[in-house]
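An overview of the molecular structure
The chain contents come next:
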Amino acid sequence: MDNVTTHESVAHSQAHDHAHHEELGFWRKYVFSVDHKVIGIQYAFTGLFFLLFGFTLMMIMRWQLAYPGRPIPLIGAWLGQDRAPMGIMLPEFYNQLGAMHGTIMVFLGVVPLAVGGFGNFVMPLQLGAPDMAFPKINMVSYWVYFLGGVTMLTSFFLKGGAAQSGWTSYPPLATLPIANGQTMWLIGMIFLITSSLLGSINFITTIVQLRAKGLSFMRLPFFVWAQFVTSFLLLLAFPPLEAAGVLQLMDRVAGTSFFMPSGLVVSGRPLTVAGNGNPLLWQHLFWFLAHPEVYVLVLPAMGIVSEIIANNTRKPLWGYKAMVYSVVFLGFMSFIVWAHHMFMTGMGTAMSAFFQTTTMIISIPSVIILTALLLSLWGASIRFTTPMLFALAFLPMFGIGGLTGLPLGLAPADIHLHDTYYVIGHFHYVVAPGTIFALFAGVYHWFPKATGKKMNETLGWIHFWGSFICINLVFMPMFIQGLGGMNRRMYDGGAQYAHNAGLLKWNLVIGFAAWGLGVFQIPFIINFFSSIKWGKAVDKNPWEATTLEWLAPSPPGHGNFLTEPIVYRNPYEYSVPGAAKDFSPQFEA
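To start, this report covers the structure provided alongside it.

Thresholds applied
Residues numbered from 1 in each chain as written. Predicted model: local features only at pLDDT ≥ 70, side-chain atom pairs only at ≥ 80, totals over all residues. Heavy atoms only, no water. Helix = DSSP H or I, 4+ residues; strand = E, 2+ residues; numbered from the N terminus. Buried < 20%, exposed > 50% of the residue type's maximum accessible area, 1.4 Å probe, protein only. Expected span 1.5 Å × (residues − 1). Contact = heavy atoms within 4.5 Å. Salt bridge = Lys/Arg side-chain N within 4 Å of Asp/Glu carboxyl O.

Topic: unusual backbone geometry
Backbone torsion omega between Pro 171 and Pro 172 reads 5 degrees, so that peptide bond is classified as cis. With respect to the helices, strands and loops of the structure, Pro 172 is situated in the loop between α5 (135-154) and α6 (181-209). Cis geometry is found at the peptide bond from Ser 554 to Pro 555, where omega equals -5 degrees. Within the secondary structure, Pro 555 sits in the segment after β4 (536-537). Even without glycine at this site, Arg 489 takes up a positive phi of about 60 degrees. Relative to the helices and strands, Arg 489 is located in the loop between α14 (457-483) and α15 (505-519). Among the residues examined, Arg 489 registers a relative accessible area of 43% and is labelled partly exposed. Phi at Ser 575 is positive, roughly 55 degrees, even though this residue is not glycine. Within the secondary structure, Ser 575 is located in the segment after β4.

Concerning helix α11 (residues 386-405)
Look at α11: 29 Å from first C-alpha to last across 20 residues, which is about the 28 Å you get at 1.5 Å a residue. Within α11, 16 of the 20 residues are buried, which leaves it mostly tucked inside the rest of the structure.

Re the environment of Thr 385
Its place among the elements puts Thr 385 in the loop between α10 (349-376) and α11. Non-local contacts of Thr 385, meaning those with residues more than four positions away in its chain, are made with Asn 312, Glu 457 and Trp 543.

A word on the pattern of salt bridges
Tallying each qualifying case throughout the model produces 6 salt bridges. Two residues, Glu 588 and Lys 581, come together in a salt bridge whose shortest N-O distance is 3.4 Å. The partly exposed category is assigned to Lys 581, whose relative accessible area is 38%. Salt bridges sharing common partners tie together Arg 314, Glu 544 and Asp 582.

Set out below in structure tokens:
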């Protein structure tokens with residue numbers, strides 16, 4: 001009886017809160033909102049925009065690589081004489097596109113969508129929480145991220161253009177007082193890092209403190225575990241880069257020399273600096289973040305894929321506990337592998353051996369998680385929905401990305417492969433057909449929860465198969481180019497070097513595949529926006545899933561749940577012997 005009274009009082013309280021919430025004006029409700037669902041959607045829309053923008057920069061670069069010295073069609077005349085006189089791209093503008101493509105895709109696209117978007121929207125619902133632990137900090141984290149993005153985009157319009165020193169911003173090149181774009185890059189990065197720190201504190205507190213009654217740690221969905229470990233990576237790895245960003249900013253604007261060595265000669269004249277700075281110090285601080293950053297990209301993707309595979313195989317995840325222990329170990333190990341990016345800096349053999357060893361070790365938990373997901377498919381009656389297609393594609397694509405990374409983790413092989421197109425192919429297999437496919441899977445899977453409508457399956461299939469074929473034609477040839485010795489970051493596609501002569505034809509193949517990949521995003525964009533208005537209306541659990549978010553209405557109102565959620569069972573109880581139906585939700589006794 002007391003339990004019923006509690007439920008009634010909670011429902012009455014939430015109904016009262018909902019009524020109060022409706023009184024909020026447009027700005028408080030949709031712009032400066034403190035509701036985790038609205039903030040998640042803000043992150044998702046902004047992240048998707050930046051992914052599209054960063055991808056557009058890459059398509060312009062691929063024209064230059066496929067047809068060096070030829071005018072860029074359609075938009076060449078709009079780029080201006082200081083970027084592309086007569087529509088022909090200048091090397092400086094190519095460097096800007098390369099630096100900003102990498103920065104935008106990683107820091108403004110994938111991470112905000114994977115963590116800020118899916119983490120904010122889905123994670124509190126899966127916990128049975130009414131909101132995040134710190135709603136106002138949550139709002140601030142989005143707006144600080146937004147300011148960082150605006151700062152980055154503004155740099156394109158400054159005299160001298162945007163940053164030109166690569167997405168890694170290596171000194172001394174990045175600290176030479178040449179153009180203001182690099183200064184804006186550093187200011188933007190400081191905003192973005194601050195946003196991630198605020199978000200990570202919020203996520204950790206929410207997961208520890210706001211779990212529903214009965215939701216023990218070993219009953220958490222794997223997606224929540226992935227976000228939990230990701231938040232610790234952000235919290236511990238980002239402060240060193242924020243400090244490094246401030247120091248490099250001081251080198252540029254205040255005449256310090258934290259990263260500027262003495263004895264530099266620029267344009268035939270000695271460069272006077274205050275003292276003996278060390279460029280390698282920046283590399284250590286940068287990669288101490290940037291290797292955990294790889295797992296900030298990958299772990300939420302693994303979490304999304306796990307939810308979708310369990311749901312569409314109608315089976316529990318194979319080895320759930322082993323996956324949880326692996327993801328925690330993966331988070332710990334990601335902090336002691338960073339210098340495998342720095343084998344070329346002349347580190348001693350003892351340190352080189354240490355980082356080679358830790359790099360081989362960190363591959364083990366990734367293999368365990370991937371194997372568990374593959375074994376979950378064994379003997380299953382698979383539903384080939386659009387989210388499931390993208391989730392299934394993640395498995396071999398991430399596998400290719402991981403396997404091709406092993407030679408780069410060994411110093412003898414890395415000496416030959418470092419800074420070639422092999423590295424580009426490896427990293428992009430992890431992030432593009434790997435992580436971004438998982439993010440697409442998540443969009444299709446949770447779209448009904450956010451909107452109450454289902455996306456069109458036919459357009460989804462066109463989007464998947466076109467993207468799958470094109471994206472492999474973009475990145476697979478890069479392994480051939482890299483093994484042939486073609487260096488990255490060359491604005492003419494490597495045509496000036498004789499050893500690249502037999503490899504240049506692949507630039508044409510990659511270019512057409514990249515433009516084809518762009519074309520196949522059009523069905524997704526049409527599907528996304530048309531489904532919001534005209535999509536098929538669904539109930540609160542259209543996929544017949546088991547986790548707590550499917551107890552909330554679609555879309556969830558203020559406070560998320562109509563009654564207080566109570567958890568009675570493990571997260572993936574599908575096809576339980578003797579059960580009346582093939583799914584037993586956590587919220588059903």
